[in-house]
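Structural features, examined
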Amino acid sequence: MNELTSSESPADLPGEAVQPGVLPGAALPGTLSAELRAELIAFRRDMHMHPELGNQEFRTTAALKARLELAGLAPRVLATGTGLVCDIGAAPADPGSGPARPVLALRADIDALPIPDTKIGCVYRSTVPDRAHACGHDMHTTVVLGAGLVLAELHRQGALPRPVRLIFQPAEEVLPGGAPDAIDSGVLEGVGRIIGVHCDPKVDAGRIGLRHGPITSACDRLEIALDGPGGHTARPHLTTDLVTAAARVATDVPTLVARRVDARSGLAVTWGRIESGHACNVVPQHAELSGTVRCLDLDAWRMAPDLVHAAIDEVASLYRAKSEINYIRGVPPVVNDPLVTELLHDAMAARRGTHSVEDTTQSLGGEDFSWYLERVPGAMARLGVRTPGDRVARDLHQGDFDADESAIDVGVELFTAAALLDASRF
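From a predicted model like this one, the values you see are computed outputs, not experimental measurements.

Moving on, we come to the overall build of the chain. Check the secondary structure of the chain and you find nine helices and 16 strands. A compact globule built from 426 residues should have a C-alpha radius of gyration of about 22 Å, and the chain, at 24 Å, falls within 12% of that. Nonlocal contacts in the chain, meaning residues at least 24 apart in sequence, comprise 82% of its contacts between residues at least 6 apart. Element-wise, carbon and sulfur atoms account for 54% of the exposed surface of the chain, whose accessible area totals about 18000 Å². Once the 39 positive and 56 negative side-chain charges of the chain are each reduced to a mean point, those two points are 1 Å apart.

This is the structure we're talking about:
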């Protein structure tokens, strides 16, 4: 699963055309040495073995801080107590000293998921019960760390044309995500563009997926409580039949909501939990449902709370159930900026040829990277982490998720090339 593969330069590929204005891979510095590659793999495995939940990433933060300081950098812990921001190259100018050159920011998320690691025979399996890096954040973090170390060395050599900022963000998995807190800590001050990657187990290692425009979807959380007088199941006419009411809310609300917006918006209510009652012959007085609201379209996402509230109230009232709704705003869609998407495309093409970039589709998954894009232009790429030829189906947020570690090379090459090409474009 974790064999290292060597990268191919465009010159190694017959008929491979390099994009106009893009230097061939051999002309771009910023690839990994064998020594740093081995160190990064070890760092990723250690992080994988010690997963930490959102806003609890103290060990991870300390490890990143120590390694960046060893490289002569000055990382700053975010105000929330976990996560880091670290500038490479000249810091943005102080107010009154003239305009600063806009910084390119590289973002990683550092938190894990509250699920068990179910991998068998894996030497770096999680050592923490019911905690796992099952979304690839350990890969994202390692890639940004590796890119930062390579770019810091280029800066020492005078070969980094423009400052770069590293953002190691906590709590991506906790709605509405850790990005708003990071933004409040000033991570976007002086930033002109921001880029990130997300692991994709359906794309081979050595490749990335790109998409102009929306690449993820909006995601909100929904919690509903239904209440009414209960009683004996022999006399349901004297009760509010909450089990039936909850069942109809679960089946009818998603359909009602979907019919009240353009079908192309992809607005979907999906339940993850329904609970009511304790005995077979007692009509309960309380029922609960919880789930998610996902949406492909930004305008429909803004309408979603009112639509969902109205649909729940309509269905609940038919069964004389009192409804209490807790609609928790999550994240808007990640909408890739066209120019920054092209920067990622050309950076990858310069490293490994245009064959290494593929089109990808918009997913219904949510990502708090979207909050950064509400402030500055940016783009997210899907980082292929499937071992080529592997026929075992793995997916994100599952206990057996793992990644081909050769993708670390790819991510570092992508980010360092983007940093070098950025200065000539913006």
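Pairing in this open sheet of eight strands is mixed, and the strands run 1-2-4-3-5-16-6-15 from one edge to the other. On the outer flanks of this sheet lie strand 1 (76-77) and strand 15 (357-359), each paired with one strand and no other. Note that strand 3 (residues 103-109) and strand 5 (residues 191-204) share five bridges and pair parallel. Residue Leu104 lies in a different strand from strand 5, and its bridge partner there is Arg193. Each of strand 2 (84-88), strand 3, strand 4 (164-169), strand 5 and strand 16 (378-386) is contacted by helix 3 (residues 137-156), which is oriented at about 150° to strand 3, the strand it contacts most. Lying over the sheet, helix 7 (residues 338-352) contacts strand 5, strand 6 (208-210), strand 15 and strand 16, oriented at roughly 40° with respect to strand 16.

Our focus in this paragraph is helix 7. An ideal rise of 1.5 Å per residue puts 21 Å on 15 residues; helix 7 measures up with 21 Å between its terminal C-alpha atoms. The buried fraction of helix 7 amounts to 12 of the 15 residues, a majority that puts the element mostly inside the structure. For helix 7, the complete set of buried residues consists of Val340, Thr341, Leu343, Leu344, His345, Asp346, Ala347, Met348, Ala349, Ala350, Arg351 and Arg352. Residues of helix 7 that are buried in the fold lie against strand 5, strand 6, strand 14 (335-336), strand 15, strand 16 and helix 9 (407-422). Of the residues flanking the end of helix 7, it is Gly353, one or two places downstream, whose phi is positive at about 90°.

Counted at 1.5 Å a residue, the expected span for helix 6 (residues 298-318) with its 21 residues is 30 Å, and the 31 Å between its end C-alpha atoms agrees. Roughly 45° is the biggest bend found in helix 6, and it falls at Ala304, with proline Pro305 one to four residues downstream. Restricting attention to buried positions, one finds in helix 6 the residues Ala300, Trp301, Ala304, Pro305, Leu307, Val308, Ala311, Ile312, Val315 and Ala316. Where helix 6 ends, the next residue or the one after it, Arg320, has phi of about 55°, a positive value.

The next thing to look at is unusual backbone geometry. In this structure, the amide linkage connecting Leu175 to the following residue, Pro176, adopts the cis form with an omega of 0°. Position of Pro176 among the secondary structure elements: in the loop between strand 4 and helix 4 (179-184). The backbone of Asp130 sits at a positive phi, close to 60°, despite the residue not being glycine. Taking relative accessible area as the criterion, Asp130 reaches 45% and is therefore assigned partly exposed.

Where helix 1 (residues 34-49) contacts helix 2 (residues 58-70), the two axes come as close as 11 Å, and the packing angle between them is 160°. When the axes of helix 1 and helix 2 are compared, the pair comes out roughly antiparallel. Every pair of crossing elements has a handedness; the one defined by helix 1 and helix 2 is right-handed. Here Glu39, Phe43, Asp46 and Met47 of helix 1 lie close against helix 2, whose contacting residues are Arg59, Thr60, Ala63, Leu64 and Arg67. A breakdown of the residues in the contact of helix 1 with helix 2 according to their chemical character gives four nonpolar, one polar and four charged.

In this section: the pairing of strand 3. Summarising burial for strand 3: seven of the seven residues are buried, a large majority. By the alternation rule, side chains of strand 3 split into Val103, Ala105, Arg107 and Asp109 and Leu104, Leu106 and Ala108, which are all buried. Across six bridges, the pairing between strand 3 and strand 4 is parallel. Its bridge partner being in strand 4, Asp109 is matched across the sheet by Gln169.

Once that is clear, we can look at the pattern of salt bridges. Taken as a whole and assessed by the stated rule, the structure comprises 30 salt bridges. Where Arg45 meets Glu405, a salt bridge forms, and the shortest distance between an N and an O atom there is 2.8 Å. Of this pair, Arg45 sits in helix 1 while Glu405 sits in the loop between strand 16 and helix 9, and the two are 360 residues apart along the sequence. Residue class for Glu405 comes out buried when judged on its relative accessible area of 1%.

With that out of the way, let us pick up the pairing of strand 16. Of all the nine residues making up strand 16, eight are buried; the element is thus mostly covered by neighbouring parts of the structure. As defined by bridge partners, strand 5 adjoins strand 16 across eight bridges and the pair is classed as parallel. Counted as the bridge partner of His198 is Arg382 from strand 16. Here strand 6 pairs with strand 16 via two bridges, running antiparallel. Counted as the bridge partner of Ile208 is Leu383 from strand 16.

On to the sheet that holds strand 13 (residues 322-331), then. As summarised here, the arrangement of the four strands in space is 10-12-8-13, forming an open sheet in which the pairing is antiparallel. The open sheet is flanked by strand 10 (268-276) and strand 13, the only strands paired with a single partner. Between one strand and the next, the sheet's axes are offset by a mean angle of 15°, whatever the strand orientation. Both strand 8 (residues 218-227) and strand 13 contribute to a ladder of eight bridges, which runs antiparallel. Looking at strand 13, one finds that Leu222 is bridged to Tyr327. Sitting on the sheet, helix 5 (residues 242-259) is in contact with strand 8, strand 10 and strand 12 (286-295), with an inclination near 175° to strand 10. Strand contacts of helix 6: strand 8, strand 10, strand 12 and strand 13, with the helix running at about 165° to strand 13, the strand carrying the most contacts.

The rules behind each value
- Residues numbered from 1 in each chain as written.
- Predicted model: local features only at pLDDT ≥ 70, side-chain atom pairs only at ≥ 80, totals over all residues.
- Heavy atoms only, no water.
- Helix = DSSP H or I, 4+ residues; strand = E, 2+ residues; numbered from the N terminus.
- Rg over C-alpha atoms; globule rule 2.2 N^0.38 Å.
- Contact = heavy atoms within 4.5 Å.
- Areas by Shrake-Rupley, 256 points an atom, 1.4 Å probe, with all protein chains shown as cover.
- Lys, Arg positive; Asp, Glu negative; His and termini not counted.
- Charge placed at Lys NZ, Arg CZ, Asp CG, Glu CD.
- Pairing = 2+ DSSP bridges.
- Axes fitted to C-alpha atoms, helices over the stretch in contact; angles between N-to-C directions.
- Expected span 1.5 Å × (residues − 1).
- Buried < 20%, exposed > 50% of the residue type's maximum accessible area, 1.4 Å probe, protein only.
- Bend = angle between axes of the 7 residues up to and from the residue.
- Parallel < 35°, antiparallel > 145°, perpendicular 65-115°, else oblique.
- Left-handed = near helix turned anticlockwise from the far one by under 90°.
- Nonpolar A, V, L, I, M, F, W, Y, C, P; charged D, E, K, R; others polar.
- Salt bridge = Lys/Arg side-chain N within 4 Å of Asp/Glu carboxyl O.

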